[in-house]
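# Topology and contacts: notes
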Amino acid sequence: MSSALEQIASYFNANLSAVLQAQTRRVGDYWQPRTVEALAAAADECQALVLKGLAVFWRRPWTQRDPGALRLWLAAQCARQVDEGCRAAQALLLDMVRQEAALAGQALNLGG
């Protein structure tokens, strides 16, 4: 009887280990790049806004340059971009949690 329990426990542990390893690979190969891409897009857009704002700033006569107004404009524009990027990343992560939790649940009840 003890041998049968040990075999069941061994099978369960091996199955769970395989599921966790697969999950780790999926997170690294599938979810992480998409999340990073969503956040990097916001950073790229903010960088483009900074370059655009500075170009406009330097084209103005020095008597009409207002660094404070430039800072406020950049803060408002970049905050919007960062907020959108964070929302996109959050949606991806919530989707990841749903899907990975469902797969983990299937593994814990041995697919049944």
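Keep in mind it's a predicted model, so treat the numbers as computed, not measured. (Residues numbered from 1 in each chain as written. Predicted model: local features only at pLDDT ≥ 70, side-chain atom pairs only at ≥ 80, totals over all residues. Heavy atoms only, no water.)

### Some remarks on the packing of aromatic side chains
The geometry of an aromatic ring pair comes down to the distance between the two centres and the angle between the two planes. The test is simple: The rule is short: rings of Phe, Tyr and Trp, with Trp giving its six-membered ring, pair when the centres are within 6.5 Å, and they are stacked under 30 degrees, edge-to-face over 60, tilted in between. Between buried and exposed lies partly exposed: a residue is buried under 20% and exposed over 50% of the maximum accessible area for its type, with that area taken using a 1.4 Å probe on protein chains only. Placement of a positive charge over a ring is assigned whenever Lys NZ or Arg CZ falls within 6 Å of the ring centre and within 35 degrees of the normal to the ring plane.
Scanning the entire structure with this criterion turns up two aromatic pairs. Between Tyr-30 and Trp-31, the aromatic rings sit 4.8 Å apart at their centres with planes inclined by 90°, giving edge-to-face as the arrangement. The interplanar angle of 80° and the centroid separation of 5.1 Å between the aromatic rings of Phe-57 and Trp-58 together place this pair among those described as edge-to-face. We classify Trp-58 as exposed; its relative accessible area is 55%. The ring of Phe-57 has Arg-65 lying over it, and the distance from NZ or CZ to the ring centre is 5.9 Å.

### A few points about the nonpolar core
Basically, it comes down to this: To form a nonpolar core, buried Ala, Val, Leu, Ile, Met, Phe, Trp, Tyr and Cys residues must be joined to one another through side-chain atoms within 4.5 Å. Note on conventions: DSSP H or I runs of at least 4 residues are helices, E runs of at least 2 residues are strands, and numbering of each starts at the N terminus. Any pair of residues with heavy atoms lying within 4.5 Å of one another is described as a contacting pair.
Membership of the largest hydrophobic core is limited to six residues, which are Cys-46, Leu-49, Phe-57, Leu-70, Leu-74 and Cys-78. Contributions of two or more residues to this core are made by helix 1 (2-59) and helix 2 (67-108). In this view, Leu-49 contacts Trp-73, Leu-74, Gln-77, Cys-78 and Gln-81; residues no more than four positions away in its chain are not counted.

### Side note on the environment of Glu-6
Here Glu-6 lies in helix 1. Residue classification places Glu-6 among the exposed positions, given a relative accessible area of 54%. Considered as a pair, Glu-6 and Leu-20 are 14 residues apart in the sequence and their alpha carbons are 21 Å apart.

### Here's the deal with helix 1
What counts here: A helix is expected to span 1.5 Å for every residue after the first.
With 58 residues, helix 1 should reach 86 Å at 1.5 Å per residue; the first-to-last C-alpha distance of 83 Å fits that figure. Taken residue by residue, helix 1 has Trp-31, Thr-35, Ala-38, Ala-42, Cys-46, Leu-49, Gly-53 and Phe-57 as its buried positions.

### Here we look at the side chain of Thr-35
We count it as follows: Polar contact is the term for a pair of N or O atoms within 3.5 Å; when the atoms are in protein, one must be able to donate a hydrogen and the other to accept it, and sequence-neighboring residues count only if both atoms are side-chain atoms.
With respect to the helices and strands, the residue Thr-35 is situated in helix 1. The exposure class of Thr-35 is buried, given its relative accessible area of 11%. Here Trp-31 takes part through its backbone oxygen, which lies 3.0 Å from a polar atom of the side chain of Thr-35. Leaving out residues up to four positions away in the same chain, Thr-35 has contacts with Ala-89, Leu-92 and Leu-93.

### Observations regarding the packing of helix 1 against helix 2
The line we're drawing: Interaxial angle, 0 to 180 degrees, is taken between N-to-C directions of lines fitted to C-alpha atoms, where a helix line uses only the stretch in contact. Roughly parallel refers to an angle under 35 degrees, roughly antiparallel to one over 145, roughly perpendicular to one between 65 and 115, and oblique to any angle outside these ranges. Each helix crossing is assigned a hand: it is left-handed if the near helix lies turned anticlockwise from the far helix by less than a right angle, otherwise right-handed if that turn is clockwise. For this classification, Asp, Glu, Lys and Arg are treated as charged, while Ala, Val, Leu, Ile, Met, Phe, Trp, Tyr, Cys and Pro are nonpolar and the rest, including Gly, are polar.
Following both chains from N to C, one finds helix 1 and helix 2 inclined at 170°, their axes separated by 9 Å at the closest point. In terms of orientation, helix 1 lies roughly antiparallel with respect to helix 2. The chirality of how helix 1 crosses helix 2 is right-handed. Its residues assigned to classes, the contact of helix 1 with helix 2 comprises 28 nonpolar, eight polar and six charged.

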